[in-house]
Amino acid sequence: MNVGLDSLRRARTLLFVSATVLLALGVVMIYSASAIYALDRMGDSTYFLKRHLVYLVVGVFFARAAARVNYNELRKHSRKILIVMLVLMVLVLIPHIGASTGGARRWVTLFGVSWQGSEFLELVLIFYMADFLDRKKESLNDFKRTILPALSVLGLCAGLVFLQPDLGTAVTIALVILILFFAAGFRLRYLGALVLLAVPALCYAMLAKPYRRKRILAFFHPWDDPRGVGFQIIQSFLALGSGGIFGVGLGASQQKLFYLPESHTDFIFSIIGEELGFIGASSVVILFILFIFAGMAVVFRAKTFFSQLFALGLVSLIGFEVVINIGVSIGALPTKGLSLPFISYGGTALIANMIALGLLINISKETAKP
């Protein structure tokens, strides 16, 4: 038992330290990547930095609350919480309530503050599904009692996100929940059938919209249209290539000078690679690996089946976000507007990630399994 407790303490410490270093690096790199852009567009070089610091303070507040909340007591309200979240997701789609930006309707603006509902839906769905699977663990492979209801909830949540439209986040949600299904003990033939059904639908969704087709073409052949759909990924390549081993120096990036779009949000990893070089970019990857490693230690040592599933969902969510963001930056995945956890500028995403951190720390405080 003491070995388990020591293991969880070490995991908790590693979670906290790795996330804190990533958050600190994010503050530095957001200012570096956004200062000139903010000065030109907003008349204030610290515009994005100051907003990010506000989000960070709010995130710390929610992380501390998440680290202390009795989430086992909240389980009895998991269905109600999910229903409230789904209602809010519907509101996002309603004109004059949901804010439309760049053709996507993903934000709700209240009292001058915009928030993206899908970021919180991910956390709520993981919480609900972990509770549902725990309650149904004696009949996990009963199609009517467990599999069909679980797939219906997943389909509803992913469908609402897809309608925004946000295909990338919808796919991320589906992947995380599939991992929970697998970990809970769903038969492989059910999971295999689900994947076989999902692949054609995903391919159709990717090719049905012209802008998605262009992203796919840019992924395979970015140099065919270097000033159009291939522009962003090419500029990311130039940023990463310019950094070399040690980087051009903090604040000395050329690509952030209006060449690389979204340099302080979706493509901040490219700026890190340019300014801090291979050493800096590799250090970020190592920090995320340590975070995931610590998170998985919490999963394996958590006290209950529910806690294990809940922690696994949170770790998987952050892990997928990291892989997708960095994969896009290095050209290994098609372009998708997804922020880098703890580092990118972005209020709702930052707060959601910090809530996930707080919940993982909370779970790590449980008595370890003997």
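Just so it is clear, the model here is predicted, and its values are computed rather than measured. (Residues numbered from 1 in each chain as written. Predicted model: local features only at pLDDT ≥ 70, side-chain atom pairs only at ≥ 80, totals over all residues. Heavy atoms only, no water.)

### Considering unusual backbone geometry
(1) Moving on: Positive phi values are uncommon outside glycine, yet Phe258 reaches one of about 70°.
(2) Moving on: Within the secondary structure, Phe258 is located in the loop between helix H10 (231-243) and helix H11 (268-301).
(3) Moving on: In this structure Phe258 comes out as partly exposed when scored by relative accessible area, which is 42%.
(4) Moving on: Even without being glycine, Phe342 reaches a positive phi, approximately 70°. (Helix = DSSP H or I, 4+ residues; strand = E, 2+ residues; numbered from the N terminus. Buried < 20%, exposed > 50% of the residue type's maximum accessible area, 1.4 Å probe, protein only.)

### Considerations on the packing of aromatic side chains
For any two aromatic rings, the description comes down to two numbers: the centre-to-centre distance and the angle of the planes.
(1) Moving on: Under the defined criterion, the tally for this structure stands at 14 aromatic pairs.
(2) Moving on: For the ring pair Phe48 and Tyr345, a centre distance of 5.2 Å and an interplane angle of 80° mean the geometry is edge-to-face. Residue Phe48 is found in helix H2 (residues 47-68), and its partner Tyr345 is found in the loop between helix H12 (305-329) and helix H13 (347-364); the two are separated by 297 residues along the sequence. An identical accessibility class is assigned to Phe48 and Tyr345; each is buried.
(3) Moving on: These aromatic residues form a ring-pair network of at least three members: Tyr37, Tyr47, Phe48, Tyr55, Phe258 and Tyr345.
(4) Moving on: Of note, Arg75 hangs over the ring of Phe306, and the distance from its end group to the ring centre comes to 4.1 Å. (Phe/Tyr/Trp six-rings, centres within 6.5 Å; stacked < 30°, edge-to-face > 60°. Lys NZ or Arg CZ within 6 Å of the ring centre and 35° of its normal.)

### Quick look at the nonpolar core
(1) Moving on: Judged by nonpolar contacts, the single largest core of 99 residues is most densely connected at Met129, Leu133, Phe181, Phe310, Phe342 and Ile343.
(2) Moving on: The contacts of Met129, once residues within four sequence positions are left out, are Ala150, Val153, Leu154, Ile177, Leu180 and Phe181. (Core = buried A, V, L, I, M, F, W, Y, C linked by side-chain atoms within 4.5 Å. Contact = heavy atoms within 4.5 Å.)

### Re the pattern of salt bridges
(1) Moving on: According to the stated counting rule, one finds eight salt bridges in the structure shown.
(2) Moving on: Between Asp44 and Lys50 there is a salt bridge whose closest N-O contact spans 2.7 Å.
(3) Moving on: Its relative accessible area of 23% is what places Asp44 among the partly exposed residues.
(4) Moving on: Between Glu73 and Lys76 there is a salt bridge, and its shortest N-O distance comes to 3.1 Å.
(5) Moving on: Of the residues examined, Lys76 reaches a relative accessible area of 60% and is grouped as exposed.
(6) Moving on: Among the charged side chains, a network of salt bridges with common partners joins Arg75, Asp131, Asp134, Arg135 and Lys137. (Salt bridge = Lys/Arg side-chain N within 4 Å of Asp/Glu carboxyl O.)

### Digging into helix H6 (residues 143-162)
(1) Moving on: Turning to H6, its buried residues number three or more, namely Thr146, Ile147, Ala150, Val153, Leu154, Cys157, Ala158, Leu160 and Val161.
(2) Moving on: On its buried side, H6 packs onto helix H4 (78-92), helix H5 (117-135), helix H7 (167-184) and helix H8 (188-208).
(3) Moving on: Near the N-terminus of H6, the side chain that reaches the backbone nitrogen of Lys144, with its oxygen 3.2 Å away, is that of Asp142. (Polar contact = N/O pair within 3.5 Å; in protein donor to acceptor, adjacent residues only side chain to side chain.)

### Observations regarding the packing of H4 against H5
For any two helices packed against each other, one specifies the inter-axial angle together with the distance between the axes.
(1) Moving on: The N-to-C vectors of H4 and H5 enclose an angle of 150°; their axes lie 9 Å apart at closest approach. In terms of their interaxial angle, H4 and H5 are classed as roughly antiparallel. Every pair of crossing elements has a handedness; the one defined by H4 and H5 is left-handed. Where H4 approaches H5, its residues Ser78, Arg79, Ile81, Leu82, Met85, Leu86 and Met89 are matched on the opposing element by Gly117, Ser118, Phe120, Leu121, Val124, Phe127, Tyr128, Asp131 and Arg135.
(2) Moving on: Looking at the contact of H4 with H5, its residues break down into 10 nonpolar, three polar and three charged. (Axes fitted to C-alpha atoms, helices over the stretch in contact; angles between N-to-C directions. Parallel < 35°, antiparallel > 145°, perpendicular 65-115°, else oblique. Left-handed = near helix turned anticlockwise from the far one by under 90°. Nonpolar A, V, L, I, M, F, W, Y, C, P; charged D, E, K, R; others polar.)

### So, the confidence of the model for the protein
(1) Moving on: Per-residue confidence for the protein averages 88 on the pLDDT scale, and 92% of its residues sit at or above 70.
(2) Moving on: Within the protein, no element has a lower average pLDDT than strand S1 (residues 98-101), which sits at 62, and none a higher one than H11, at 96. (pLDDT = per-residue confidence, 0-100.)

### Side note on the environment of Thr20
(1) Moving on: Relative to the assigned elements, Thr20 resides in helix H1 (residues 2-42).
(2) Moving on: Residue classification places Thr20 among the partly exposed positions, given a relative accessible area of 35%.
(3) Moving on: Put simply, Thr20 and Phe342 are 322 residues apart on the chain and 8.5 Å apart in space, counted from C-alpha to C-alpha.
(4) Moving on: Within polar-contact distance, the side chain of Thr20 engages the backbone oxygen of Phe16 at 2.7 Å.

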